[in-house]
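For reference, the chains in residue letters:
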Amino acid sequence: MVSEEGQLYTMEGVAAGIIMLLAAYIAVSTTGIYTTGDTHIPDMQLEQLGSDVLAMMDTPDTAGDSKSDLENFVNTNNGDEFKKMFLSYCNATTSGDLDNLHMSAVVVYRSGGEIREHQFVAPDNTWTGRENAVRVTRWVQLPSGYHGIPGMDTSRPQAVLVEVLLWRA
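To start, this report covers the structure provided alongside it. This is a predicted model, so every value here is computed, not measured.

## Concerning the overall build of the chain
Scanning the chain from N- to C-terminus turns up four helices and four strands. Taken from the N to the C terminus, the helices and strands of the chain come in the order α-α-α-α-β-β-β-β. Out of the 169 residues belonging to the chain, those deemed buried represent 30%. Of the contacts made within the chain by residues no fewer than 6 positions apart, 62% connect residues no fewer than 24 positions apart. Put simply, the chain shows about 11000 Å² of open surface, and 56% of that area lies on carbon and sulfur atoms.

So, in structure tokens, the structure goes:
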């Protein structure tokens, strides 16, 4: 004989099965969430890389050498060679594969009572403005005399700020 009690047990079993499947789905889907706390880690690594490269370029090659490569590039306004060296250092890996980093740079200096910017390295055609870029800066001491940057006061030594915008494309 079939009674109504058997039907009730069947409905409880189906409901319990659905609840267990739903709980398992929620548990599995939440373990792979990319939390907002983790999103800044690649940016911090990229910023540290850029900062290390600028520091390395600002160190003279030998003990007797008084000028660093960075100082020479800024003093002669040689943005092309700066970009070439900066990206070769940034993109270098131990495996031989190159990273896909891009950059632009400006030199910020004081002229009279004004703060001015000089486009040192223009962004390439991969820059759309939506990339997650980091800003890396380094102060460079320039002696008095010739500076290749237009409008810069050459009658006195200057400290200029090199700002590099670095991103992966």
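Now that the structure has been shown, the text picks up again.
## Examining the nonpolar core
Within the largest apolar cluster, 29 residues are counted, with the highest numbers of intra-cluster contacts made by V74, F82, F86 and M103. For this core, the elements supplying multiple residues, two or more each, are α2 (41–57), α3 (69–75), α4 (79–91), β1 (101–111), β2 (114–121), β3 (134–142) and β4 (158–168). Those residues in contact with V74 that sit more than four places away from it in its chain are V107, F120, L142, I149, V160 and V162.

## Some points on the pairing of β1
With 10 of 11 residues buried, β1 is to be regarded as a mostly interior element. By the bridge criterion, eight bridges tie β1 to β4 in an arrangement that is antiparallel. Residue pairing in the sheet places V107 in a bridge with V162 of β4. Joining the antiparallel neighbours β1 and β2 is a turn of two residues, in which G112 adopts a positive phi near 70°.

## Structural notes on the sheet that holds β1
The antiparallel open sheet is built from four strands, whose spatial order is β2-β1-β4-β3. The two strands at the open ends of the sheet, each matched to only one other strand, are β2 and β3. Strand-to-strand twist across the sheet, computed as the mean angle between neighbouring axes with direction ignored, equals 25°. Judged from the nine bridges that link them, β3 and β4 form a sheet pairing that is antiparallel. Considered in β4, the bridge of V136 is made with V164. In the packing of α2 onto the sheet, contacts are made with β1, β3 and β4, and the angle to β3 comes to roughly 15°. Sitting on the sheet, α4 touches β1, β2 and β4, and the angle it makes with β1 is about 135°.

Rules used in this analysis
Residues numbered from 1 in each chain as written. Predicted model: local features only at pLDDT ≥ 70, side-chain atom pairs only at ≥ 80, totals over all residues. Heavy atoms only, no water. Helix = DSSP H or I, 4+ residues; strand = E, 2+ residues; numbered from the N terminus. Buried < 20%, exposed > 50% of the residue type's maximum accessible area, 1.4 Å probe, protein only. Contact = heavy atoms within 4.5 Å. Areas by Shrake-Rupley, 256 points an atom, 1.4 Å probe, with all protein chains shown as cover. Core = buried A, V, L, I, M, F, W, Y, C linked by side-chain atoms within 4.5 Å. Pairing = 2+ DSSP bridges. Axes fitted to C-alpha atoms, helices over the stretch in contact; angles between N-to-C directions.

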